[in-house]
Amino acid sequence: MKIRSADFVMSNSNVTKAPQERMPEYAFIGRSNVGKSSLINMLMERKDLAKISGKPGKTQLINHFKINDEWFLVDLPGYGYAKVSKKKRTIFQFFIENYFKEREQLVCTFVLIDSRHDPQKIDLEFMKFLGENQIPFCIAFTKADKLGSSKLNKQITSYKKKLLNTWETLPKSFITSSSTGLGREEFLDFIDGVNED
Ligand code: GDP
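The rules behind these values
- Residues numbered from 1 in each chain as written.
- Predicted model: local features only at pLDDT ≥ 70, side-chain atom pairs only at ≥ 80, totals over all residues.
- Pairing = 2+ DSSP bridges.
- Helix = DSSP H or I, 4+ residues; strand = E, 2+ residues; numbered from the N terminus.
- Right-handed = clockwise from strand over helix to strand, strands pointing away.
- Buried ≥ 20, exposed ≤ 12 C-beta atoms within 10 Å, placed from the backbone.
- Contact = placed C-beta atoms within 7 Å.

Looking at the pairing of strand β6 (residues 137-142)
Summarising the sheet, strand β5 (residues 106-114) and β6 pair through six bridges and their orientation is parallel. Across the sheet, residue Val-111 finds its bridge partner in β6, namely Ile-139. Each parallel crossover has a hand, and for β5 linked through helix α3 (residues 121-132) to β6 it is right-handed. As judged from the three bridges shared by β6 and strand β7 (residues 173-175), these two strands associate in the parallel manner. Paired with Ala-140 across the strands is Phe-174, a residue of β7.

As structure tokens, then:
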């Protein structure tokens, strides 16, 4: 897929106010600092489409971008940042939860995982939530350039093995690096394929 246009549409904390156009939608989510903004910018070949925020947890809204006038890319707030107060976190989870439960045109959610990290409780719980609500998702391993190739393979194999403790089948996964562009074509081909179905 060639990215011909990538435009910011709106930010929201309420899914009922999200764009009404019925286009396939793909959401990006992960722990703060996982590399979400960098991945979105890399995929879209835009320098600062998603703001790479110095402050983790800053982008706490549902951000819609229209891509090629064909689909929506949704940048969701990062979860699990310790400095967000308990009260704030409850509200923030509630509107994200509503987004997932109510957004009918959502076709796939990309759960971002830092390639260097072992499975974290919050990520596993989030995937469980998606599974329980029958929301299709893929995993995008980020920052792959930070590990050597044998360490990277070992880490990803071990991550998948741990997922198989809870999941019968593994979700599709992508290995990406925003620094090198690794995974870009595969990612966009996947979206293209789903959009054509
Ligand atoms: P977000 O909070 O999930 O949106 O994360 P950012 O995209 O802001 O990235 C967090 C930090 O990780 C920044 O310092 C990025 O430069 C760095 N980073 C993100 N992706 C990569 C990557 O693929 N490779 C490397 N080496 N650094 C990355």
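Brief notes about helix α1 (residues 36-44)
An α-helical turn contains 3.6 residues, so any two residues separated by three or four positions project in the same direction. When we look at burial in α1, the residues that qualify are Lys-36, Ser-37, Leu-39, Ile-40, Met-42 and Leu-43. Against β2 (25-30), β4 (71-75), β5, β6 and α5 (184-196) lie the buried residues of α1. Backbone geometry just downstream of α1 places Glu-45 in the positive-phi region, at approximately 55 degrees.

A short note on the environment of Asp-75
Relative to the assigned elements, Asp-75 resides in strand β4. A residue is classified by how many C-beta atoms lie within 10 Å of it, and Asp-75, with 23 of them, is buried. As a C-alpha pair, Asp-75 and Ala-50 span 25 residues in sequence and 7.7 Å in three-dimensional space.

Some points on the environment of Val-9
Mapped onto the elements of the fold, Val-9 is located in strand β1 (residues 6-12). The residues contacting Val-9, other than those within four sequence positions of it, are Pro-19, His-64, Phe-65 and Lys-66.

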